[in-house]
Amino acid sequence: MTDIIPAESGTTTITVTGVDSYPVSIGRGIVADVAQQLGDTVKKVLIVHTSHLGARAVALRESLLDRYEVLIAEVPDAEAAKRVEVAAFCWQVMGQSDFTRTDAVIGFGGGAVTDLAGFVAATWLRGVKLVLIPTSVLGMVDAAVGGKNAINTAEGKNLVGTFYAPAAVVCDLEILNDLPRNEILAGFAEIVKAGFIQVPEILDIVEADVAAVTDPTTPEFRRVLELAIGMKARVVGVDFKEAGLREILNYGHTLGHAVEHAERYGWRHGAAVAVGMMFAAELARLSGRLSDEAVDRHRRILESLTLPISYPAGRWPTLLATMQRDKKTRSGMLRFIVLDDIGKPTVLEGPDASLLFAAYQEIGS
């Protein structure tokens, strides 16, 4: 089970249970609380951040200097951060500063940065303390929650990684006020994914007022954010290493990751996953699982968020080849999460090549 505890301070705490349980705090102006999550045994802290968060990272460093020795590692934005060369740079900083197992890494940035920071923390001395402060919608609802950390290779996305739980996740909603609107909307792909696979209330709120729900200052926004985080916390609390239930979180990701790879990671993750979800919906419809109405609902919701729902028809051979190398493929057999209905995910294993091609034609532009 997942405990969701609204505090009198206005901070919500969602506990991710399991062998290494940890809290996800959601509130406003709570970055300053990160010292409470680091604790008294930590001596040195490495803050991994992107350049556009430079001023905030310096402020965070200054707030911690009375308790810790604090170093800063500035890394590239988005998927460019998730390269072995960038991880090696972070390891170099830690090595030259004599980081020990009692020290800590803070991942301060979007989903790519929290992925990188988690991978660095998991691999240095086989694991040091990790606290994540996601600064994007995508980071808060997806990348920072669940303990999956990875970097990309030339062959595909997230092919080298670890399962490593953070000590805490701090989601400060004030940071989202400065996000460009296209970044907020891209993050909503993961929020509505949670709605499609398990929490239909999210879809109802989006359909009721898309302008309100995508405004980070509104109660509607906070509600869907907390619902999405709570859903992921429940799933990963039961299945940390993706041995069963956690696989449903891959809805839209098999094709989505292939699109990201084809675009050399120039697309935002949420945009690629939106195309992937549309493909999965069409695949489910053509295999006799999902109704036309449910597929149309995918299309309406994603379009209302100005997310893409198509991809060039001629790119299919490239996408198929990339999917066949995907980590979700088992014994050479492609696996897709599809829906029997809204909120009812299932696995479609080894679909016929002609079925896959036909589904892709439905989204091909």
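Just so we're clear, the structure is a prediction, and the values are computed from it rather than from any experiment.

K.L.:
Lay out the confidence of the model for the protein with the relevant residues and their values.
P.N.:
One rule of thumb: low pLDDT means the predicted coordinates there are not for detailed reading. Taken residue by residue, the protein gives an average pLDDT of 93. The fraction at 70 or more is 96%. Low confidence marks residues 1-8, where pLDDT is under 50. Its contacts with residues over four positions away, or in another chain, come to 17 contacts.

K.L.:
Give me the lowdown on the environment of R289, citing residues and values where you can.
P.N.:
Position of R289 relative to the elements: it lies in the loop between helix 11 (269-286) and helix 12 (292-304). For R289, a relative accessible area of 29% gives the class partly exposed. Note: C-alpha distance between R289 and T41 (248 residues apart in sequence) is 53 Å. The residues touching R289, leaving out its near neighbours within four places in the chain, are A284, V338, L339, D340, T346, V347 and L348. Of note is the side chain of R289, whose polar atom sits 3.4 Å from the side chain of D340.

K.L.:
Tell me about the nonpolar core, and please be specific about residues and values.
P.N.:
Counting residues in hydrophobic clusters, the biggest one holds 106 residues, and the most contacted among them are V24, L116 and F279. Top contributing element to this core by residue count: helix 11, with 11 residues. For V24, the residues in contact, after removing those within four places along its chain, are T12, T13, I14, V16, V145, V169, C171 and I229. Counting residues in hydrophobic clusters, the runner-up holds 20 residues, among them A35, A57, L60 and L64.

K.L.:
Account for the pairing of strand 2 (residues 12-16), naming residues and giving values.
P.N.:
Counting buried residues in strand 2 gives four out of five residues, a clear majority hidden from the surface. Inspection of the sheet shows strand 2 paired to strand 3 (residues 22-27) by five bridges, in the antiparallel sense. Residue T13 lies in a different strand from strand 3, and its bridge partner there is S25.

K.L.:
Please give an account of the packing of aromatic side chains that cites residues and values.
P.N.:
Under the criterion given, the structure shown has eight aromatic pairs. Seen from their ring centres, W267 and Y311 are 5.5 Å apart, and the 85° between their planes marks the pair as edge-to-face. Here W267, found in the loop between helix 10 (253-262) and helix 11, pairs with Y311, found in the loop between helix 12 and helix 13 (316-323); they are 44 residues apart in sequence, far enough to count as distant. The class of W267 is partly exposed, set by a relative accessible area of 23%. Connected via pairs of aromatic rings, a cluster forms that spans F279, W316, F336 and Y360.

K.L.:
Quick rundown of unusual backbone geometry? Include the residues and the values.
P.N.:
Unlike most non-glycine residues, D98 shows phi in positive territory, near 60°. Note that D98 resides in the loop between helix 3 (84-96) and strand 6 (104-109). Accessibility expressed as a relative area gives 56% for D98, which makes it exposed. A positive phi is found at R126, a non-glycine position, where the angle reads about 60°. Along the polypeptide, R126 turns up in the loop between helix 4 (111-123) and strand 7 (129-134).

K.L.:
I'd love a proper account of the packing of helix 6 (residues 181-197) against helix 7 (residues 200-208), names of residues and values included.
P.N.:
The angle between the axes and the distance between the axes are what describe a pair of packed helices. Where helix 6 contacts helix 7, the two axes come as close as 5 Å, and the packing angle between them is 125°. In this view, helix 6 runs oblique relative to helix 7, as classed from their interaxial angle. Of the residues in helix 7, those in contact with F188, I191, V192, A194, G195 and F196 of helix 6 are P200, I202, L203 and V206. Of the residues in the contact of helix 6 with helix 7, the class split is nine nonpolar, one polar and no charged.

Calculation criteria
- Residues numbered from 1 in each chain as written.
- Predicted model: local features only at pLDDT ≥ 70, side-chain atom pairs only at ≥ 80, totals over all residues.
- Heavy atoms only, no water.
- pLDDT = per-residue confidence, 0-100.
- Contact = heavy atoms within 4.5 Å.
- Helix = DSSP H or I, 4+ residues; strand = E, 2+ residues; numbered from the N terminus.
- Buried < 20%, exposed > 50% of the residue type's maximum accessible area, 1.4 Å probe, protein only.
- Polar contact = N/O pair within 3.5 Å; in protein donor to acceptor, adjacent residues only side chain to side chain.
- Core = buried A, V, L, I, M, F, W, Y, C linked by side-chain atoms within 4.5 Å.
- Pairing = 2+ DSSP bridges.
- Phe/Tyr/Trp six-rings, centres within 6.5 Å; stacked < 30°, edge-to-face > 60°.
- Axes fitted to C-alpha atoms, helices over the stretch in contact; angles between N-to-C directions.
- Parallel < 35°, antiparallel > 145°, perpendicular 65-115°, else oblique.
- Nonpolar A, V, L, I, M, F, W, Y, C, P; charged D, E, K, R; others polar.

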